[in-house]
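Analysis of the macromolecular model
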Amino acid sequence: TQLLEQSPQFLSIQEGENLTVYCNSSSVFSSLQWYRQEPGEGPVLLVTVVTGGEVKKLKRLTFQFGDARKDSSLHITAAQPGDTGLYLCAGELVRGAQKLVFGQGTRLTINP
Amino acid sequence: NAGVTQTPKFRVLKTGQSMTLLCAQDMNHEYMYWYRQDPGMGLRLIHYSVGEGTTAKGEVPDGYNVSRLKKQNFLLGLESAAPSQTSVYFCASSYSGVGGIYNEQFFGPGTRLTVL
């Protein structure tokens, strides 16, 4: 059983469409991160959210941390083929523990 | 700076063989981690280290050992490889955060290991 459940696990959409990826848990996290991974490479950090209800924007990507700090979402506006990749959420259960728990990932494909 | 490097990139082992995966970072990070990535499972923490000479178990430590003799290196050993250890292994490092705020982990490119 995954502590962090991501949905959907696979998503294939057309260029220009909007999409949302969800990361849910029954546990409270002190912080939550989103990483993006391309084939043959390691994950790269996109954002860290630490406050319940926090919203961060990175160009066309919007990240939100749930009010209760149990869930997060990633919304992409006007998706582009360059957004294709594996998106991973990762949370820190105890502040300062310096350990992350990862979700299983969402494999996103944007078709031209 | 090279960041986080991993050696080797690919390896095929027979059941029962042993091997060591090497991770090196040049960012003077305190914390280092070993993960394995399997389809549909995300990244699972094997072992980690909060400083030179210290190691701790993660979520899936069985069948693996680690050592951190130097701050910049973190070694992952498989004493007797099993087919269930076929996976992609990632090393990561991070620096200690100010005020306990979690800081980003920097990942290596991975090692693809197949155990026959």
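To keep things clear, this report deals only with the structure shown in the data block. (Residues numbered from 1 in each chain as written. Chains lettered and ligands numbered in written order. Predicted model: local features only at pLDDT ≥ 70, side-chain atom pairs only at ≥ 80, totals over all residues. Heavy atoms only, no water.)

**Section: the pattern of salt bridges**
Pairing of side chains with opposite charge becomes possible as their charged atoms draw close. Applying the stated criterion across every chain yields a total of 6 salt bridges over all chains. Residues A:Arg36 and A:Glu38 are paired through a salt bridge, measuring 3.0 Å at the closest nitrogen-oxygen approach. A salt bridge links B:Asp38 to B:Arg44, with the nearest nitrogen and oxygen atoms 2.8 Å apart. Comparing B:Asp38 with B:Arg44, the two get one shared label, buried. By sharing partners, the salt bridges in this structure join B:Arg36, B:Asp38 and B:Arg44 into a single network. (Salt bridge = Lys/Arg side-chain N within 4 Å of Asp/Glu carboxyl O. Buried < 20%, exposed > 50% of the residue type's maximum accessible area, 1.4 Å probe, protein only.)

**Comments concerning the side chain of A:Ser30**
Residue and element names in this part refer to chain A. The residue Ser30 is located in the loop between strand 3 (19-24) and strand 4 (31-37) in this model. By relative accessible area, Ser30 is classed as buried at 16%. Sequence-distant contacts of Ser30, that is, excluding residues within four places in its chain, are made with Val50, Arg69, Glu92, Leu93, Val94 and Arg95. (Helix = DSSP H or I, 4+ residues; strand = E, 2+ residues; numbered from the N terminus. Contact = heavy atoms within 4.5 Å.)

**Here's the deal with the pairing of strand 5 (residues 42-51) of chain B**
Along any regular strand, the residues point their side chains to alternate faces of the sheet. Residue and element names in this part refer to chain B. Of all 10 residues making up strand 5, 9 are buried, and the element is well covered by its neighbours. With 7 bridges joining them, strand 4 (residues 31-38) and strand 5 adopt antiparallel strand pairing. Within the sheet, the bridge partner assigned to Met32 lies in strand 5 and is Ser49. Between strand 4 and strand 5, which pair antiparallel in sequence order, lie 3 residues; one of them, Gly40, sits at a positive phi of approximately 75 degrees. Bridge count between strand 5 and strand 6 (residues 54-57): 3 bridges; the pairing is antiparallel. Across the sheet, the residue bridging to His47 is Lys57, located in strand 6. (Pairing = 2+ DSSP bridges.)

**Section: the sheet that holds strand 3 (residues 19-25) of chain B**
Residues and elements named next belong to chain B. Strand order in the open sheet formed by 4 strands is 1-3-8-7, with antiparallel pairing between adjacent strands. Looking at strand neighbours, the two that pair on one side only are strand 1 (4-7) and strand 7 (65-67), the edges of this open sheet. Adjacent strand axes in the sheet meet at a mean angle of 20 degrees when their direction is disregarded. Alignment of strand 7 against strand 8 (residues 73-78), held across 3 bridges, turns out to be antiparallel. (Axes fitted to C-alpha atoms, helices over the stretch in contact; angles between N-to-C directions.)

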